[in-house]
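# Structure at a glance
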Amino acid sequence: MPIKHFICFDKLLKKYEKHLESGDSFLAETAKRIVDAQSGYPELREGFSDLRLLDKYREVIDNILQDTFTEALSSNEIKVASLPYTDVIIKTSKRFKQIIKEAGDNFEPELRNSGEGMDYIMSCVVILNVHYGFDLDFSRPFFYDIPDSQGVMRHYRILYNADFIDIIPTEKAKKITQEDVEELLENPYDVTLWKDKIPPESFISKGFVIANMFDVSAEQAISDIKSKLISKDNLRSGKFMQELQETFRSFFRLPNIKVGLASYNEHREQFEEIVGMGFESFLLNGEETKKCSTVLCQASFKKLIKDNSYFTITDVERYFEMSGGSDLYKGLKEQEVQSAIFAPIAYDGRLLAILEVVSEKKGVLNGVNAKKLDDVMPFIVSAVVRSKNEENNRIDAVIQNECTSVHSSVYWKFKEEAKRFIGDQLEGGSPTFREIIFKDVYPLFGQIDIKDSSKARNLAIQRDLMIQLSEINDVLTIAYGKWNLPIYEELMFRVNNHLESIKEMLHTNSEQAIFDFVNDEISPVFKHLKKADNSLEKHILAYESKIDIGTDSYYDHRKNYDESVMLINKKLSAVIDKRQESAQEMYPHFYERYKTDGVEHNLYIGASISENLEYDNLYLNNLRLWQLQVMCEMENVHYALKSELPVPLDATSLILVYNTSLSIRFRMDEKQFDVDGTYNARYEVIKKRIDKSYIKGTEQRLTQKGMLSIVYSQKKDELEYLRYIKFLKSKGCFTNKIEIVELEGLQGVSGLKAIRAEILYKTDKASENTYTYDDLIEALKD
C-alpha cells in the first residue's frame, strides 16, 4: 500500500490537552483523567504498527476512546475505530459486537469490493488531495455485508470520520506535477503506473478513523431488485430467481420466504405459468393454467382483480376453515404455506400478473409488512410491462415467421415504409401503409408435384370406405341372424349398394353420401344393438375402435397417404430452405415456398429487390443454374425417401422459364406478394396450367416420373438451359436422355416448348456442392 499505517492517538490527545484549560470543570476533569491515563505509554502518541499492542494497551485505549464511544449510545450506535481502508479494528460499540457475534463463529467483516488494486488507487487519491493539494473526487460508498442470526444478509454503509489522522511523506515520496495527475486520471486502473508515481510505503499515516455504520439493508434490497429487473439479460439468467429470493429475504428480514409470479390472461380470465424465467407460482401449484374463478376466493378475487390491491393471508389454516375449504387455501396448505402476500402487478388499471410472497410460518407476512412492497412495486411493474412487450414482439415475430412471413430480402422495404408510417402518426397525421411494389424483377418458378395425387388419395378413401362398409355389413348380418328383422335386411341391402357403387370408382359425392348414411342410420342402430346383446356389443366395439376420432370414419389407408405426403413435403422443403441460405449470399432475391401435394417455389430477382447492391443479369443466370441443381437434389432426396414411405408415391418436376421482367405487389388484404398488372398476369396463368399440359399431338402429359421438365417460349432460353444441362450432366446430375418437345396450347397461351432431361439418381448421399455460373463459364472454356 502507498501508506504504512501506524495506530496513534496523539491528535485526539492534543484535543484533550486543550480541554485542560477549559472553564468547564467537568470537561477539564475528564480531559485530565484521559491524559493522565496514557502518560506512561509513549507508544500511544508516537504510533505503532504491531497489532499485538492493541491487546496489551486495551484498557488504556478504552479510556482514551471513552467519550468517542459513549456508553449510553453503545447499544444503539454501530461504530468502529479502525485504520482506513483496512479490516483492522481498534474498538467497537456494543451494537457492532452483537452484529458480529450473530454472524457466526470466526466471521471476519470485509469491505465490499475491496482488492489490492482499487484499495491502492483509493489511498493514492487521498494522498493527492490531503498532501499534494489536488481536488479529486474520490467519494465512494463503502459497505460491510454481514449475515444476521437468521442467516439473512444485512448491509451496512460506512461513513468515515478522519479528524484524528495525519498523512506524512517519507523519503520515498516523489514530486507530483499536474501532468502526472492528468496521466494518472487517464489510466485509473493501471496500478503499476500509480505505484510508480506514488510508491509503496512512500507515506505513513498516524492516527485512526471512526467508522459510523448505518443499516441500509432495505435501500440495498430495493436497489438490487431494481438492478435485477432493469436488465433483460438478468430476467432470463438461470440464477435470477434464486438471487431474487435472497434479495426479498433481505428486504423483508425474513430468512425462509419464497417469491413466485403468475401471469394474468385478461381475455381468458386465467392465471398462467411464466415460461423460461425459473418462476414458480403458488397460485398455480404446479399447473400451467388455472381459471381465476377456480383459484381465488371471493375476497381475493375482488382485491386482486377488481381493486388491484394487496391481498394478505396471515394464517392459511384459519382462512381455510373460515372459507369452508376454498381451493386457494387448500392449494397453499398443500405447499406448506402458512402466510402469504399477493400483490397485483397492474398497469393503466389492467392486471398483468400477481407477485406472490409466501412463508412457511404463520403471521410473519401480514398487512403491515406488505406495505414495504410499495417501494419496489414500480420497478416490478416496469419489468413486467417490458417483459410483456418483449413477449408480444416475440409472438408477432413467430406469427410473421410461421404464418405471414416477410422475406428477409424485402424486409428493408417494409421497415422503410413502417418508419414513414410511424413518423406520420407521431406528427398527428392519419397515415396509411402504402403498397409495396418491386418493379422489373425476373420470376423463377419450380415445383415438385406428387404424381397422380388425386388418384392415390381417392384410392385410399375408396379402400377405407369399403373396409368400413364390409365391417358394418358383418355386424348387421349377425343382428339379422339373431332377430330376423326386415329393417336389418334393408340396411344390409343399402350397405351392399354403397359397396357396389364405389367398387370400380369413387364418385365425387360418394364419400359424403356414405358418411351421412353411417352417421344418420347405422350409428343409432349400433347404439341400440350394444344395449340389446352382449355378444353384438363386442363386435360393435371392435368396429368403433377402428374409427378415427378426428375424421369420425375409417382412417387407415388415408392416414398412410397423408403421412407420405407430409413426409415428402417436409424433406423437400428442408432441402430448398437450407439451400436458400447460401443462394441469398450470392445476390439477395425474394423467395417463397408452398406445400401442397408436393412443394412449389417462387423466386424474384432484380435491382429493386436489393437495398444497395448493383444488379447484373449474371445474377439471374446464376440463380437459374442454382435452381436447376436444387431441383435435381430434391428429386434425389425423394428417390431415396420413396422406399421408406407408407405409400410409395412418385413425383414429377417442372421449372418455368419466363424471360420478361415484371412487377410484384404486396397485397395487404392477402398478406402476400402477387404479380402486378394485367399483362403480367399471363405469367400466373401459365404457372397454374403448365403441369397439366400435354405434348403436342399426343396423349402424354408433359411431366413424367424421373424427368425434369423445363418450360420456355424463347429460343435463347432453350440454348441457355441446354448449356446448363450439359454442364450439370458432366457433374452427374443428368443422363444422356434429353429431348425438346412442343406443348399443346393452353387456354389463352400458345407457343410453349419444353426441355425434358432425365435425372441421374444417386444411390449414395447426394452431393451438396453448388456450382455457380462462373463454374459453368470455366467448364465451357475447357
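What this report covers is the structure whose coordinates are included nearby. (Residues numbered from 1 in each chain as written. Predicted model: local features only at pLDDT ≥ 70, side-chain atom pairs only at ≥ 80, totals over all residues. Heavy atoms only, no water.)

Take a nonpolar patch on the surface next. Together, Trp483, Leu485 and Ile487 make up an exposed nonpolar region whose accessible area comes to about 260 Å². Considering the arrangement of structural elements, one finds tryptophan 483 in helix α19 (residues 453–483). (Patch = residues over 30% accessible without salt bridge, like charges linked within 9 Å, V, L, I, M, F, W, Y side chains within 5 Å. Areas by Shrake-Rupley, 256 points an atom, 1.4 Å probe, with all protein chains shown as cover. Salt bridge = Lys/Arg side-chain N within 4 Å of Asp/Glu carboxyl O. Helix = DSSP H or I, 4+ residues; strand = E, 2+ residues; numbered from the N terminus.)

What follows concerns the packing of helix α21 (residues 510–532) against helix α22 (residues 534–544). Put simply, α21 and α22 touch, their axes get as near as 7 Å, and they point 140° apart. When the axes of α21 and α22 are compared, the pair comes out oblique. Note on packing geometry: the crossing formed by α21 with α22 is left-handed. Contacts between α21 and α22 involve Val518, Phe526, Leu529, Lys530 and Ala532 from the first element and Asn534, Leu536, Glu537, Ile540, Leu541, Tyr543 and Glu544 from the second. In terms of residue class, the contact of α21 with α22 is built from 8 nonpolar, 1 polar and 3 charged. (Axes fitted to C-alpha atoms, helices over the stretch in contact; angles between N-to-C directions. Parallel < 35°, antiparallel > 145°, perpendicular 65-115°, else oblique. Left-handed = near helix turned anticlockwise from the far one by under 90°. Contact = heavy atoms within 4.5 Å. Nonpolar A, V, L, I, M, F, W, Y, C, P; charged D, E, K, R; others polar.)

Within the secondary structure, lysine 94 sits in helix α6 (residues 94–103). Judged by relative accessible area, lysine 94 falls into the partly exposed class, the value being 42%. Residues lysine 94 and asparagine 76 lie 18 residues apart in sequence; the distance between their C-alpha atoms is 7.8 Å. The contacts of lysine 94, once residues within four sequence positions are left out, are Glu71, Ser74 and Ser75. (Buried < 20%, exposed > 50% of the residue type's maximum accessible area, 1.4 Å probe, protein only.)

On to the sheet that holds strand β10 (residues 270–272). Strands sit in the order β11-β10-β9-β14-β13-β12 across an open sheet of 6 strands; the sheet is antiparallel. Among the strands making up the open sheet, the edge pair consists of β11 (289–291) and β12 (311–313). Taking each pair of neighbouring strands and ignoring which way they run, the sheet shows an average axis angle of 25°. Relative to β11, β10 runs antiparallel, the two being bridged by 3 bridges. (Pairing = 2+ DSSP bridges.)

What follows deals with empty space enclosed by the protein. Within the structure shown, the criterion is met by 4 cavities of 30 Å³ or more. Considering only enclosed or pocket space, the largest cavity measures out at about 60 Å³ in volume. Contributing to the lining of the largest cavity are Asn256, Lys258, Phe282, Gln335, Glu336, Val337, Val358, Ser359 and Glu360. The residue makeup of the lining of the largest cavity, split by class, is 3 nonpolar, 3 polar and 3 charged. (1 Å grid on protein atoms, 1.4 Å probe; cavity = no way out; pocket = protein on both sides within 12 Å on 5 of 7 lines; lining within 4 Å. Points joined across faces, edges and corners; volume = space filled by probe spheres on them.)

The N-terminus of helix α15 (residues 316–323) is capped by aspartate 315, whose side-chain oxygen sits 3.2 Å from the backbone nitrogen of glutamate 317. Once α15 finishes, glycine 324 follows within two positions and takes phi at roughly 75°, a positive value. (Polar contact = N/O pair within 3.5 Å; in protein donor to acceptor, adjacent residues only side chain to side chain.)

What follows concerns the sheet that holds strand β7 (residues 203–207). With respect to topology, 3 strands assemble into an open sheet ordered β1-β7-β6, the strand pairing being mixed. The open sheet has two free edges, formed respectively by β1 (3–7) and β6 (165–169), since each of these has just one partner strand. Averaged over all pairs of adjacent strands, the angle between their axes in this sheet comes to 20°, without regard to strand direction. With 5 bridges connecting them, β6 and β7 associate as antiparallel partners. Considered in β7, the bridge of isoleucine 168 is made with isoleucine 204.

Moving on, we get to the nonpolar core. Formed by 45 residues in total, the largest nonpolar core has its most connected members in Leu628, Met634, Leu708, Ile710 and Phe734. Among the elements of the structure, β15 (437–450), α23 (557–586), β19 (598–605), α24 (617–641), β20 (651–657), β23 (707–712), α26 (715–730) and β25 (753–759) are those that each provide at least two residues to this core. Among the elements that line this core, the one with the most residues is α24, at 10 residues. Apart from the residues lying within four places of it in its own chain, the contact partners of isoleucine 710 are Leu628, Ile655, Val657, Tyr721, Ile725, Lys753, Ala754 and Ile755. Tyr85, Ala103, Ile121 and Leu193 belong to the second-largest nonpolar core, a separate cluster that totals 33 residues. (Core = buried A, V, L, I, M, F, W, Y, C linked by side-chain atoms within 4.5 Å.)

Another point: the pattern of salt bridges. Applying the stated rule across the entire model yields 43 salt bridges. The shortest N-O distance in the salt bridge between aspartate 50 and arginine 52 comes to 3.1 Å. With a relative accessible area of 66%, arginine 52 lands in the exposed category. Here lysine 91 makes a salt bridge to aspartate 62, at a shortest N to O gap of 3.3 Å. With lysine 91 in strand β3 (residues 89–92) and aspartate 62 in helix α5 (residues 58–64), the pair connects residues that are 29 residues apart, well separated along the chain. Residue classification places lysine 91 among the buried residues on the basis of a relative accessible area of 17%. With relative accessibility at 25%, the residue aspartate 62 sits in the partly exposed group. The network of salt bridges with shared partners includes Asp10, Lys14, Glu17 and Arg45.

All right, on to the packing of aromatic side chains then. Per the stated rule, a full pass over the model turns up 25 aromatic pairs. Measuring from centroid to centroid gives 5.7 Å for tyrosine 587 and tyrosine 615, while their planes differ by 65°, and the two rings are edge-to-face. Residue tyrosine 587 is found in the loop between α23 and β18 (590–596), and its partner tyrosine 615 is found in the loop between β19 and α24; the two are separated by 28 residues along the sequence. Residue classification places tyrosine 587 among the buried residues on the basis of a relative accessible area of 3%. Following the ring pairs from residue to residue traces out a cluster consisting of Trp412, Phe414, Phe438, Phe590, Tyr604, Phe666 and Phe673. Positioned above the aromatic ring of phenylalanine 69 is the side chain of lysine 79, whose terminal nitrogen or guanidinium carbon lies 5.6 Å from the ring centre. (Phe/Tyr/Trp six-rings, centres within 6.5 Å; stacked < 30°, edge-to-face > 60°. Lys NZ or Arg CZ within 6 Å of the ring centre and 35° of its normal.)

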